[in-house]
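Residues per chain are reported as follows:
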Amino acid sequence: MITRRSALAGMAMAAASRGALAQDAFPSKQVVIVVGFAAGGGGDISARFIADYIREKWKVAAVVDNKPGAGATIAMAQVARSKPDGYTVGLATSSPFTVAPHLQPVPYETDKDFTFLFQYLVSAQPLFVRADSPHRSVQEFVAWAKANPGKLNWSTASTNGGPHIATEAAFRHLGITGQYVPYKGGADAILGLLSGHIDALVAAEFPPYAASGKIRLLAESGTDRIAGYPDVPTYKELGWPVSVPIFYGIAGPAGMPAGAIAAWETLGKDLMTAPGYADLMGKLVSSASYKNSKDFTNAVVSSYREMGALVPKLGLKQN
C-alpha cells in the first residue's frame, strides 16, 4: 500500500532526477577550445569564429585557449587527458594527429585517445617568399637552392606538420639542403620571413600578405590549386613526392557521450551556413568542407596510418 509520505517521497525523487537530467543536458556550461598555435594564425582565427558561434547558438560561454608548441602536440595532449564530457575540445589539424606521432614522442595515440567530432574546412598552405626575393618562380627558387647548398633557411607554420613533411620530402627529392627554423605558429613565422630571418615559408596565414603584395607564392603544398591563384602549381603537379591536404576540425577526448557528440556534429553542420562563414573562408583562402564524426574519424585515422608507412620510406626518423 502506497502511503501519502511514500508518494511524496517518490515525487521528490522524480523531480530531483528531472533536475539532474536538465542540469546535465549538453551544453550547459562553458566550452574551451584548445588551439595548438599562437594567436593570430589561421587556425586561431577559425577557432575564435567557432567560439563566437557557440556563444550565439548554444547560449553558453566559449573561450579559446592557445597552447602553441611541439607541432600542436602539447595542446592535443591536454585535450586527450581532459574530462570526456564535451566541454574541452581542441582544434584538430593534420600535424598533431597524422604526422607528428611518427616523428616525435607524443603522450597519446591518434586512433585511440580522441573523439573526432567534425571537420569544417580544408586549407591552402603554399610555399612563398618575400616580394623582393630574386626568386620569381618555383623553378628559380629550386635552381638557387640547389646551386647554394646549405644556404636556404626555411620554415612552416607547424613543425612536423603535413606541409613540413611534404616540403622536406620535396627538398630531399630535389637534392636541396638547408636549415629548418621552427616557429610557434604561422603568424610568428611570417614575421620571420618579412624580417629576413628565413628565405621561404609554407603557411596558411598568407592571404593578407599576398593581397598587399608583401609576398610571392611559388607552389601549393596541398592537392588542389589555390582559388584566385591559378598560376601557382601544386607539389603534385611539380612531381614532388608528397602533396598533403590540410584539414581543420574539432576533436575531444575519447569516451565522449553520444549526446555531446551529436550536439557537436549539428553545430559543425550548421556552421557551414552561418552568417560570416563564407567570408571567413575567403579571408583564410580555404574551402568549407564538413565531415561528421564517423567520416572525420575515418579520414584522420586513414591519413595517420598512411603517414606511418610513408615517413620511413622518406628516410625520416623520430626525433
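Calculation rules
Residues numbered from 1 in each chain as written. Predicted model: local features only at pLDDT ≥ 70, side-chain atom pairs only at ≥ 80, totals over all residues. Heavy atoms only, no water. Pairing = 2+ DSSP bridges. Helix = DSSP H or I, 4+ residues; strand = E, 2+ residues; numbered from the N terminus. Axes fitted to C-alpha atoms, helices over the stretch in contact; angles between N-to-C directions. Contact = heavy atoms within 4.5 Å. Core = buried A, V, L, I, M, F, W, Y, C linked by side-chain atoms within 4.5 Å. Buried < 20%, exposed > 50% of the residue type's maximum accessible area, 1.4 Å probe, protein only. pLDDT = per-residue confidence, 0-100. Salt bridge = Lys/Arg side-chain N within 4 Å of Asp/Glu carboxyl O. Parallel < 35°, antiparallel > 145°, perpendicular 65-115°, else oblique. Nonpolar A, V, L, I, M, F, W, Y, C, P; charged D, E, K, R; others polar.

### Quick look at the sheet that holds strand β3 (residues 88–93)
Okay, step 1: Taken in spatial order, the six strands of this open sheet run β2-β1-β3-β10-β4-β11, and their pairing is mixed. Both edges of this open sheet fall to β2 (62–66) and β11 (286–291), since each of them pairs with a single strand only. Along the sheet, successive strands turn relative to each other by an average axial angle of 25 degrees, direction set aside.
Okay, step 2: Relative to strand β10 (residues 246–253), strand β4 (residues 114–123) is paired through eight bridges, and the arrangement is antiparallel. Paired with F118 across the strands is I250, a residue of β10.
Okay, step 3: On top of the sheet, helix α2 (residues 42–58) reaches β1 (31–35), β2, β3, β4 and β10; it is set at about 160 degrees to β2, its chief contact.

### Some words on the nonpolar core
Among soluble globular proteins, nonpolar side chains are generally buried collectively.
Okay, step 1: Of all hydrophobic cores here, the largest spans 69 residues; its most connected members are I33, I54, Y120 and W264.
Okay, step 2: With seven residues, α2 is the single largest residue contributor to this core.

### A few points about the confidence of the model for the protein
Okay, step 1: Averaged over every residue, the pLDDT of the protein is 90; the share at 70 or more is 92%.
Okay, step 2: Segment residues 6–23: pLDDT under 50, and two contacts once partners within four positions in sequence are set aside and those in other chains are kept.

### Details of the pattern of salt bridges
Okay, step 1: Applying the stated criterion to the full structure yields 10 salt bridges.
Okay, step 2: Here K67 makes a salt bridge to D65, at a shortest N to O gap of 3.5 Å.
Okay, step 3: On the basis of relative accessible area, D65 is assigned to the partly exposed category, the value being 23%.

### A few points about the packing of α2 against helix α10 (residues 277–284)
Okay, step 1: Orientation of α2 relative to α10, taken along the N-to-C sense of each, is 175 degrees, at an axis distance of 11 Å. When the axes of α2 and α10 are compared, the pair comes out roughly antiparallel. On α10, the residues touching G42, I45, S46 and F49 of α2 are Y277, L280 and L284.
Okay, step 2: Within the contact of α2 with α10, the residues separate by chemical class into five nonpolar, two polar and no charged.

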